[in-house]
Amino acid sequence: TQLLEQSPQFLSIQEGENLTVYCNSSSVFSSLQWYRQEPGEGPVLLVTVVTGGEVKKLKRLTFQFGDARKDSSLHITAAQPGDTGLYLCAGGRTGANNLFFGTGTRLTVIP
Amino acid sequence: DAGVIQSPRHEVTEMGQEVTLRCKPISGHDYLFWYRQTMMRGLELLIYFNNNVPIDDSGMPEDRFSAKMPNASFSTLKIQPSEPRDSAVYFCASTLSVWRTEAFFGQGTRLTVV
């Protein structure tokens, strides 16, 4: 059973466009992390959100944690080819160290 | 710190052979995780350790898989005998503590079983 579903699964856009990817679950998480994975590498942490409704910005990336802490979104403004990669969300629960990873969104930004 | 170090980066083996993957976590991190990634199933947790003790191995596919962590700086994942369906990228990751769950991943081992 996949606890975290991400959408879309694949996304191909032109450089300069905006996009949003979603991470949804029926379960509540105490924290939500976003990772980016490039070909041949392991996932790299982008951000952690812990409070319902929290919004964090990382340059052109905006992350939001849902009020009920069951979902999250990642919005990229003016996408660049360097944003290409696999985006993974991961949910954490208090007192348990293992993360539940989402299904992933594979983003391609075309120059 | 050099980060999480995995070896080898690539492994090609014949069906039935034993395969051993190695991982050195970040010094001071209390938790170590082994994941498997495929296009079909995404990133799956196989097993994780806390202070060298296995905590949850429910993700280990079957008895052919085993993992050990003899000390805080080294872990192995062994597959014996290997099968073609074991072909995947295997990642090791470590986290600092139960309160700091940000995972630091190694570069992975790409395993191909022919």
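Below: a short report on this structure. (Residues numbered from 1 in each chain as written. Chains lettered and ligands numbered in written order. Predicted model: local features only at pLDDT ≥ 70, side-chain atom pairs only at ≥ 80, totals over all residues. Heavy atoms only, no water.)

As a further point, take the interface of chain A and chain B. Opposite the 20 residues of chain A that make contact, chain B presents 21 residues. Taken as a group, Asn97, Asn98 and Phe101 of chain A account for 34% of the area that chain A buries against chain B, more than any other trio of residues on that side. Taken together, the connections running from chain A to chain B amount to five residue pairs in polar contact (both at pLDDT 80 or more). Mapped by element, the contributors of at least two residues to the side of chain A that touches chain B are strand 4 (31-37), strand 5 (44-49), strand 9 (85-93) and strand 10 (96-101) of chain A. (Contact = heavy atoms within 4.5 Å. Buried area = accessible area lost by both parts, 1.4 Å probe. Polar contact = N/O pair within 3.5 Å; in protein donor to acceptor, adjacent residues only side chain to side chain. Helix = DSSP H or I, 4+ residues; strand = E, 2+ residues; numbered from the N terminus.)

Moving on, we get to the sheet that holds strand 8 (residues 71-76) of chain A. In a beta sheet, neighbouring strands pair by backbone hydrogen bonds and run either parallel or antiparallel. Residue and element names in this part refer to chain A. Spatial strand order, 1-3-8-7-6: five strands in an open sheet with antiparallel pairing. Looking at the sheet topology across the chains shown, the edges are occupied by strand 1 (5-7) and strand 6 (55-58). Sheet twist, expressed as the mean angle between neighbouring strand axes with direction ignored, is 15 degrees. The pairing of strand 7 (residues 61-65) with strand 8 spans five bridges and is classified as antiparallel. Within strand 8, the position partnered with Phe63 by the bridge is Leu74. (Pairing = 2+ DSSP bridges. Axes fitted to C-alpha atoms, helices over the stretch in contact; angles between N-to-C directions.)

Residues and elements named next belong to chain B. As paired strands, strand 7 (residues 65-71) and strand 8 (residues 74-79) are joined by five bridges and run antiparallel to one another. Considered in strand 8, the bridge of Asn71 is made with Phe74. Linking strand 7 back to strand 8 in an antiparallel pair, the connection comprises two residues.

With omega at -10 degrees, the peptide bond leading from Ser7 of chain A into Pro8 of chain A counts as cis. Relative to the helices and strands, Pro8 of chain A is located in the loop between strand 1 and strand 2 (10-14). Look at the link from Gln80 of chain B to Pro81 of chain B: it is a cis peptide, with omega at -5 degrees. Of note, the phi angle at Arg69 of chain A is positive, near 60 degrees, even though the residue is not glycine. Here Arg69 of chain A is to be found in the loop between strand 7 and strand 8. Residue Asn52 of chain B is not a glycine yet carries a positive backbone phi of 75 degrees. Looking at the element boundaries, Asn52 of chain B is found in the loop between strand 5 (42-50) and strand 6 (53-56).

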